[in-house]
Every structure is written in C-alpha cells, then in structure tokens.
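# Report on the structure
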Amino acid sequence: SQTIHQWPATLVQPVGSPLSLECTVEGTSNPNLYWYRQAAGRGLQLLFYSVGIGQISSEVPQNLSASRPQDRQFILSSKKLLLSDSGFYLCAWSVGLAGTDTQYFGPGTRLTVL
Amino acid sequence: GNSVTQMEGPVTLSEEAFLTINCTYTATGYPSLFWYVQYPGEGLQLLLKATKADDKGSNKGFEATYRKETTSFHLEKGSVQVSDSAVYFCALSENQAGTALIFGKGTTLSVSS
C-alpha cells in the first residue's frame, strides 16, 4: 500500500532563517506531487506541483521554492523565512495524470515563524 | 477562473442531527468534485468524490450528488456523531494532466452530545 511521510511534524523558526521540509511517498512510482499551505483562518492554497523529477510548477509568487531530486521525494525550501510563511504545510500525491485521480495527503508540518 | 464556494461556518449541531454543508463551484468543462475532511491536528483525508454529473459519492454515512444544472455538490449526513467534528473541504479538479485541486475555504463542524 502507498504511504506518504512528512517531516518534521512541527517546526518553530526565527524570521530570516532557512527552511527545508521533506515529503516522501512509498509504494508507487512517478506520482504527481503537490505542496499546499493552509494559513490560519484560510483555506488551502496550492504552492507547487510536480509531474516528474526536476519538473516544478509554481502557482503563486512567494518566498518559497520546491525541488524534486528523486521520483518520490519532494522538498519545500526557503532561504529566509518571513512571518507570513507561518502555516500548516501539506504534501500530497496522486497517481496518473487525470484530474479524476484522488489526491492523498500527508500528515502535514506546522510551521511557526517568530 | 475556476473556484469553489462553501458555506461559512462554524456549524454547530447536536448528535443525531441532520447535516448539510453547501458547496457550489465555477468551472469550465467537466470537473471532478471532492469532499475532504480534516480532523483536529491531522492532514486531509478523502471523504468522497464524484467524477461526472449525477454521480453520487458516499462514505461513512456522508453523501454528495454532483449537480451540473445547479453547479453544486452539497454534503449531507442523516445523523451526525461527535466523532464527525472536523473541518470539511469541498474541492474540484479540472481533469487536466498534472493539475491540482482547487479548494473551498473549509467549513468547521462541531457536534455536541
């Protein structure tokens, strides 16, 4: 069966510090991968998605970047965190290319920037 | 562009009450529609989905019917339980390669015994 892991589960970082959040998927090959952010009191916002190694699409301009160094690994990064980067970050995957495919979410990382 | 609108919460109900959470969408073409649930402190879980008009998705006593004529996908449950307390998200997918979900803002449901 497929599983998706995210770490760390929680993170408190000072403004201006770097960030690296990792997401890995097991039990499937060539998944579509996604990073979402859920800010306090707001819905989910798609940040990045990837359909293959080294292929990253950004949905909104921001202080963050994403990379996919391996087929089942997706990394969210920042060189200098802002207060507005605080939120709950969710990684998701889907199999296949059709939009009808279900997206499966990881447990999330709660990031607090102070 | 495509969008999803959910009823504002929070929704507060007593156990065994009937639940409706409204969801309407705007989309070009024929999207797939989803309901996800987020329990406190956890990630999102798929609750149900429908991929074409008139399809009914169902799971754990929840149901939603894809109504193209009213562009709606309302979530219903006949008798809620305390364990149903969570945030519910309606979402659509544009059915194109590699596209992501477009979510509503979420509706918080609180069920008391």
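In what follows, the structure referred to is the one given above.
Residues numbered from 1 in each chain as written. Chains lettered and ligands numbered in written order. Predicted model: local features only at pLDDT ≥ 70, side-chain atom pairs only at ≥ 80, totals over all residues. Heavy atoms only, no water.

## Focus on the pairing of strand E5 (residues 32-38) of chain B
Residue and element names in this part refer to chain B. Heads up, the condition is: Accessible area is worked out with a 1.4 Å probe on protein chains only. A residue is then buried under 20% of its type maximum, exposed over 50%, and partly exposed in between. Elements are defined by DSSP. Helices are runs of H or I of four residues or more, strands are runs of E of two residues or more, and each kind is numbered from the N terminus. Strand pairing is assigned whenever DSSP identifies at least 2 bridges connecting the two strands.
Among the 7 residues of E5, 7 are classified as buried, and the element is accordingly described as predominantly covered. The side-chain alternation of E5 yields two buried faces, one formed by Ser32, Phe34, Tyr36 and Gln38 and the other by Leu33, Trp35 and Val37. Summarising the sheet, E5 and strand E10 (residues 86-93) pair through 7 bridges and their orientation is antiparallel. Opposite Val37, over in E10, you have Tyr88 as the bridge partner. Pairing of E5 with strand E6 (residues 44-50), which is carried by 6 bridges, proceeds in the antiparallel orientation. If you follow Gln38 over to E6, its bridge partner there is Leu44.

## Structural notes on the state of the cysteines
Residues and elements named next belong to chain B. Just so we agree on the cut-off: We call a pair of cysteine sulfur atoms a disulfide whenever their separation is within 2.5 Å.
As enumerated under the stated definition, the model contains 2 disulfides over all chains in all. At a sulfur-sulfur separation of 1.9 Å, the disulfide partner of Cys23 is Cys90. Handedness of the Cys23-Cys90 disulfide follows from its S-S torsion of about -70 degrees: it is left-handed. In this pair, Cys23 sits in strand E4 (residues 23-26) while Cys90 sits in strand E10, placing the two residues 67 residues apart along the sequence. By the burial criterion, Cys23 is buried, and Cys90 matches it.

## Quick word on the side chain of Gln13 of chain A
Residues and elements named next belong to chain A. This is how it is decided: Any pair of nitrogen or oxygen atoms within 3.5 Å is treated as a polar contact; in protein, a donor-acceptor pairing is required on top of that, and neighbouring residues in sequence qualify only through side-chain atoms on both sides. Two residues form a contact once any of their heavy atoms are found within 4.5 Å.
Locating Gln13 in the fold gives a position in strand E2 (residues 10-13). At a separation of 3.1 Å, a polar atom in the side chain of Gln13 contacts the main-chain carbonyl oxygen of Pro18. With residues near it in sequence (within four places) discarded, Gln13 still touches Pro18, Leu81, Leu111, Thr112, Val113 and Leu114.

## Re unusual backbone geometry
A cis amide bond, omega 0 degrees, links Trp7 of chain A with the succeeding residue Pro8 of chain A. Here Pro8 of chain A lies in the loop between strand E1 (3-7) and E2. Within the chain, Lys60 of chain B stands out as a residue other than glycine whose phi angle is a positive 55 degrees. Relative to the helices and strands, Lys60 of chain B is located in the loop between strand E7 (56-59) and strand E8 (62-65). For Thr71 of chain B, which is not glycine, the phi dihedral falls at a positive 45 degrees. Structurally, the position occupied by Thr71 of chain B is in the loop between E8 and strand E9 (75-77). The exposure class assigned to Thr71 of chain B is partly exposed, which follows from its relative accessible area of 30%.

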